[in-house]
Amino acid sequence: FSLNLAADCNAVLKALQPIFQEQGMTETVHNWEDHGYLVTYIKKNGSFANLRIHPHGLVLVDLQSYNDDMKGREEVDQLLNKVEERMKELFHDNIKRVKRLPAILRGGVIDRYWPTADGRLVEYDIDEVVYDEDSPFQNIKILHSKQFGNILILSGDVNLAESDLAYTQAIMGSGKEDYTGKEVLILGGGDGGILYEIVKLKPKMVTMVASNIDQMVIDGCRKHMRKTCGDVLDNLRGECYQVLIEDCIPVLKRYAKEGRMFDYVINDLTAVPISTSPEEDSTWEFLRLILDLSMKVLKQDGKYFTQGNCINLTDALTLYEEQLSRLYCPVEFSKETVCVPSYMELWVFYTIWKKQTDI
């Protein structure tokens with residue numbers, strides 16, 4: 001409750017006391033004089049409520065209880081309704097705002113809470129754990145969402161859902177490129193989505209290097225993300241593609257040494273780091289190394305596609321763009337912002353190409 005006037009802490013306490021006492025809750029009052037009251041109410045079953053009254057006009061009620069049935073949740077709602085009614089009786093038109101947050105379910109069999117890239121906590125409509133395994137490199141989860149389908153989550157980071165064709169299309173150039181007869185290199189992309197979409201476009205050859213050398217990601221997606229990857233992960237070699245379960249850096253160095261060149265390089269590895277210290281962060285060093293090696297295997301008229309990060313992380317995106325001026329060859333770039341459904345945020349994608357020099 002946010003009030004238009006100072007709160008009489010004692011009056012608020014006396015008004016709300018009967019509601020909690022009716023529940024058989026034991027009361028403990030902490031009074032900090034100029035800093036208001038903290039009142040705790042504890043029930044015999046372990047449920048408890050904290051009532052925090054700030055003199056400047058903010059009243060907070062936090063209720064925690066163990067309820068695994070509809071009846072228990074209804075009892076909580078009824079108690080909070082009584083608190084709201086009593087506060088309105090006490091302050092009438094002097095309540096500026098009443099905000100009731102939905103319950104956070106702790107310790108559930110299914111974890112529904114995952115952070116966005118910019119630090120907001122999102123509650124997904126997860127109703128099933130489809131796959132949950134630890135590889136030598138990371139934790140791999142595939143969870144089912146009612147609206148997004150199966151979602152791939154790697155070490156707590158939401159990677160891709162079956163709903164997220166917009167992501168795959170954006171990192172391929174948003175339908176503006178002709179892949180027919182072209183040589184394509186994909187870095188990462190273990191979910192198989194990019195490979196599946198490019199193979200449809202009749203390329204000459206697509207080479208996908210799964211940088212984390214994690215066969216378990218490919219195995220999990222092949223079985224549980226088929227709306228994303230189709231059948232391309234059923235075999236690591238097809239008529240116009242091959243999947244290498246190797247570290248991409250030695251592969252890139254080998255290709256550069258051999259003089260092998262690609263029309264397109266698509267980097268679906270880690271996103272732009274959130275760190276604001278690129279000179280001290282090993283992730284930034286990895287990113288710059290990948291960029292330089294990719295430019296060495298990219299044809300002069302080729303294009304390099306990659307994801308950036310959430311549009312709200314402007315400092316990180318600016319730092320990334322600064323790194324592009326430090327590559328061994330001059331480059332130019334463009335970017336677009338796309339709404340990726342399961343991310344619940346706008347995501348930035350980059351197109352990078354070698355700068356054409358006048359002869």
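Computed from a predicted model, the values in this text were never measured in an experiment.

Novice: So what exactly am I meant to see when it comes to the overall build of the protein here?
Specialist: Each helix and strand counted, the protein has 9 helices and 19 strands in total. On C-alpha atoms alone, the protein measures out to a radius of gyration of 27 Å, which is more than a quarter above the 21 Å that the 2.2 N^0.38 rule sets for 359 residues. Each of the three principal axes of the protein carries a C-alpha extent, and together these read 85 × 45 × 35 Å. In the protein, which comprises 359 residues, the share counted as buried stands at 47%. Counted over contacts in the protein with a minimum sequence separation of 6, partners at least 24 positions apart contribute 58%. Positive and negative charge centroids in the protein, built from 40 and 55 side chains respectively, lie 2 Å apart.

Novice: Explain the sheet that holds strand 19 (residues 345–354) to me, please; I cannot follow it from the model alone.
Specialist: Pairing between the strands of a sheet is mediated by backbone hydrogen bonds and can be parallel or antiparallel. If you walk across this open sheet you meet the 7 strands as 15-14-13-16-17-19-18, and the pairing is mixed. Because the sheet does not close on itself, it has two edges, and the strands there are strand 15 (241–244) and strand 18 (331–340). The average angle at which neighbouring strand axes cross in this sheet is 15°, direction not considered. Two elements, strand 13 (residues 183–188) and strand 14 (residues 205–209), share 5 bridges in a ladder whose sense is parallel. Bridging from a neighbouring strand, Leu-185 pairs with Thr-207 of strand 14. The sheet contacts of helix 7 (residues 248–258) involve strand 13, strand 14, strand 15 and strand 16 (262–268), and relative to strand 13 the element is tilted by about 155°.

Novice: When you look at the pattern of salt bridges in this model, what are you seeing that I'm missing?
Specialist: Two side chains with opposite charge may pair up if their charged atoms get near one another. Following the criterion strictly, the structure yields 15 salt bridges and no others. For Lys-88, the salt bridge is made with Glu-84, and the minimal N-O distance between the two is 3.1 Å. Here Glu-84 and Lys-88 lie together in helix 2 (residues 70–91), a separation of 4 residues that amounts to about one turn. Asp-132 serves as the salt-bridge partner of Lys-141, at 3.8 Å between the closest nitrogen and oxygen. When salt bridges with common partners are traced through the structure, they connect Glu-84, Lys-88 and Arg-100 into a single cluster.

Novice: In this structure, what is going on with the sheet that holds strand 10 (residues 139–145)? I would like to understand it.
Specialist: Pairing is antiparallel across the open sheet formed by 4 strands, whose spatial order is 9-10-11-12. Of all strands in the sheet, those bounded by a partner on one side alone are strand 9 (126–134) and strand 12 (157–161). Averaged over all pairs of adjacent strands, the angle between their axes in this sheet comes to 25°, without regard to strand direction. Strand direction decides the pairing type here: strand 10 and strand 11 (residues 149–154), joined by 6 bridges, are antiparallel. Among the inter-strand pairings, Lys-141 is bridged to a residue of strand 11, identified as Ile-153. With respect to the sheet, helix 5 (residues 215–224) is in contact with strand 9, strand 10 and strand 11, its orientation differing from that of strand 9 by roughly 150°.

Novice: Sorry if this is basic, but what is going on with unusual backbone geometry here?
Specialist: Among all residues except glycine, the phi angle is most often negative; among peptide bonds, the trans geometry is most common. Positive phi outside glycine occurs at Ser-174, with the angle close to 55°. Within the fold, Ser-174 resides in the loop between helix 3 (165–171) and strand 13. Given a relative accessible area of 28%, Ser-174 falls into the partly exposed group. The phi torsion at Lys-202 lies on the positive side, around 60°, for a residue other than glycine. With respect to the helices and strands, the residue Lys-202 is situated in the loop between helix 4 (193–199) and strand 14. Taking relative accessible area as the criterion, Lys-202 reaches 60% and is therefore assigned exposed.

Novice: Help me understand the UniProt feature "active site" (unreviewed entry) in the protein in this model?
Specialist: The positions UniProt marks with the feature "active site" (unreviewed entry) are Asp-268. Residue classification places Asp-268 among the buried positions, given a relative accessible area of 13%.

Novice: I would appreciate a short explanation of the nonpolar core in the present structure.
Specialist: Nonpolar side chains tend toward joint burial in soluble globular proteins. The biggest cluster of nonpolar side chains holds 82 residues, and the ones touching the most others in it are Leu-185, Ile-198, Ile-266, Tyr-304, Tyr-320 and Ile-352. Ignoring any residue separated from it by four or fewer positions in sequence, one finds Leu-185 in contact with Thr-207, Val-209, Leu-252, Tyr-255, Phe-262, Tyr-264, Val-265, Ile-266 and Val-297. One finds Val-12, Leu-16, Leu-80 and Met-87 within the second-largest nonpolar core, a separate group that totals 24 residues.

Novice: Looking at this structure, I do not really get the packing of helix 8 (residues 282–296) against helix 9 (residues 314–323). What am I missing?
Specialist: When two helices pack together, their arrangement is given by the angle between their axes and by how far apart the axes lie. For the pair helix 8 and helix 9, the least separation of the axes is 11 Å and the interaxial angle reads 40°. When the interaxial angle is binned, helix 8 and helix 9 end up oblique. Crossing angle aside, the handedness with which helix 8 passes helix 9 is right-handed. Contacts between helix 8 and helix 9 involve Trp-284, Leu-287, Arg-288 and Leu-291 on the former and, on the latter, Ala-316, Leu-319, Tyr-320 and Gln-323.

Novice: I would appreciate a short explanation of the side chain of Arg-52 in the present structure.
Specialist: Within the secondary structure, Arg-52 sits in strand 4 (residues 48–54). Buried charged residue Arg-52 carries no salt bridge. Nearest counter-charge: Asp-62, at 11 Å. Looking at Arg-52, its side chain comes within polar contact range of the main-chain oxygen of Tyr-37, at 3.2 Å. What Arg-52 contacts, discounting residues up to four positions off in sequence, is Trp-32, His-35, Gly-36, Tyr-37, Leu-38, Leu-58, Val-59 and Leu-60.

Reading the values: rules and limits
Residues numbered from 1 in each chain as written. Predicted model: local features only at pLDDT ≥ 70, side-chain atom pairs only at ≥ 80, totals over all residues. Heavy atoms only, no water. Helix = DSSP H or I, 4+ residues; strand = E, 2+ residues; numbered from the N terminus. Rg over C-alpha atoms; globule rule 2.2 N^0.38 Å. Buried < 20%, exposed > 50% of the residue type's maximum accessible area, 1.4 Å probe, protein only. Contact = heavy atoms within 4.5 Å. Lys, Arg positive; Asp, Glu negative; His and termini not counted. Charge placed at Lys NZ, Arg CZ, Asp CG, Glu CD. Pairing = 2+ DSSP bridges. Axes fitted to C-alpha atoms, helices over the stretch in contact; angles between N-to-C directions. Salt bridge = Lys/Arg side-chain N within 4 Å of Asp/Glu carboxyl O. UniProt positions renumbered as here; feature names shortened; annotations may be inferred. Core = buried A, V, L, I, M, F, W, Y, C linked by side-chain atoms within 4.5 Å. Parallel < 35°, antiparallel > 145°, perpendicular 65-115°, else oblique. Left-handed = near helix turned anticlockwise from the far one by under 90°. Polar contact = N/O pair within 3.5 Å; in protein donor to acceptor, adjacent residues only side chain to side chain.

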